[in-house]
Amino acid sequence: MFYRGCTWRRKTKEKVIYLTFDDGPIPETTPFLLDLLDEYNWKATFFCVGENVQKYPDLYREILARGHRTGNHTFNHMKGYRSGIEEYVENVRKASEYIDSNLFRPPHGRMRSRQRKNLREHYEIIMWDILTQDYNKSLTPEYILGKIRRLSRKGSIVVFHDSIKSRNNMLATLPRAIEFWNEQGFKSGLL
């Protein structure tokens, strides 16, 4: 599904990858991820769930303290296509009480057109051109890495997840992906 007026990839002449993570922060995954990014000197944008930021405010502050950026991913990972317009926009507004950002990404990458139209007045809606599907336990890190190698290009927005469900695939794939990008002359960018 392609939504007009959303950012799917950044136009750039430089070899930049915009690495993003959805669904955190959570103590079981995010601290390991932050250390890994530090080790490789890569920056990322974290699309945070407001409820998780409310539960783990120190972890949210740590993301920012380490030079990363954050975005809004609703308060409780609400599915826009299963919600009314006002209910969905209110859920995003509630998350904004905890997440100070003009970036928004809809959970599952789906929302209704009127939700999108309303949110575009206040947010840049960030989608992606590479969805790793690291949450899918039937996929191997090798499969995910192959997808990254095939699809990476200047300005790619890549989605991983800092969730328990995706932890194993993400932590097994991400270092190899960063090493591939480094070998290809890419650098990290913040949205």
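Conventions used here
Residues numbered from 1 in each chain as written. Predicted model: local features only at pLDDT ≥ 70, side-chain atom pairs only at ≥ 80, totals over all residues. Heavy atoms only, no water. Core = buried A, V, L, I, M, F, W, Y, C linked by side-chain atoms within 4.5 Å. Buried < 20%, exposed > 50% of the residue type's maximum accessible area, 1.4 Å probe, protein only. Helix = DSSP H or I, 4+ residues; strand = E, 2+ residues; numbered from the N terminus. Contact = heavy atoms within 4.5 Å. Salt bridge = Lys/Arg side-chain N within 4 Å of Asp/Glu carboxyl O. Phe/Tyr/Trp six-rings, centres within 6.5 Å; stacked < 30°, edge-to-face > 60°. Axes fitted to C-alpha atoms, helices over the stretch in contact; angles between N-to-C directions. Parallel < 35°, antiparallel > 145°, perpendicular 65-115°, else oblique. Nonpolar A, V, L, I, M, F, W, Y, C, P; charged D, E, K, R; others polar.

### Notes on the nonpolar core
Next, step 1: Counting residues in hydrophobic clusters, the biggest one holds 33 residues, and the most contacted among them are Leu19, Phe21, Leu37, Phe46, Phe160, Leu174 and Trp181.
Next, step 2: Among the elements of the structure, β1 (16–22), α1 (30–40), β2 (45–48), α3 (57–65), α6 (141–151), β7 (156–161) and α7 (167–183) are those that each provide at least two residues to this core.
Next, step 3: The element best represented in this core is α7, accounting for 6 residues.
Next, step 4: Every residue in contact with Phe21, bar those within four places of it in the chain, is listed here: Leu33, Leu37, Ala44, Thr45, Phe46, Phe47, Phe160, His161, Asp162, Met170 and Leu174.
Next, step 5: Within the second largest apolar cluster, 23 residues are counted, among which are Cys6, Tyr88, Val89 and Met127.

### Details of the pattern of salt bridges
If charged atoms from side chains of opposite charge come close, those side chains can pair.
Next, step 1: According to the stated counting rule, one finds 11 salt bridges in the structure shown.
Next, step 2: One salt bridge in this structure joins Asp35 and Arg66, with 2.9 Å as the shortest N-O distance. Of this pair, Asp35 sits in helix α1 while Arg66 sits in the loop between α3 and β3 (69–72), and the two are 31 residues apart along the sequence.
Next, step 3: Looking at Asp35, the relative accessible area reads 44%, which means it is partly exposed.
Next, step 4: Within this structure, Asp35, Asp38, Glu62 and Arg66 form a network of salt bridges that share partners.

### Focus on the packing of aromatic side chains
Next, step 1: The full count for this structure, using the stated rule, is 7 aromatic pairs.
Next, step 2: Plain terms: the ring middles of Phe21 and Phe46 are 5.2 Å apart, the flat faces sit at 25° to each other, and that makes the pair stacked. Of the two residues, Phe21 sits in strand β1 while Phe46 sits in strand β2, which places them 25 residues apart along the sequence.
Next, step 3: Phe21 sits in the buried class, given a relative accessible area of 0%.
Next, step 4: On the accessibility criterion, Phe46 (1% relative accessible area) is buried.
Next, step 5: Taken together, a centroid distance of 6.2 Å and an interplanar angle of 85° make the contact between Tyr88 and Phe104 edge-to-face.

### Brief notes about the packing of α1 against α3
In helix packing, the relevant descriptors are the interaxial angle and the interaxial distance, both defined with respect to the helix axes.
Next, step 1: Two elements in contact, α1 and α3, have axes whose closest approach is 11 Å; the angle formed by their N-to-C orientations is 10°. Relative to α3, α1 is oriented roughly parallel. On the side of α1, the interface is formed by Thr30, Pro31 and Leu34, while α3 contributes Leu59, Glu62 and Ile63.
Next, step 2: Per-class residue counts for the contact of α1 with α3 are 4 nonpolar, 1 polar and 1 charged.

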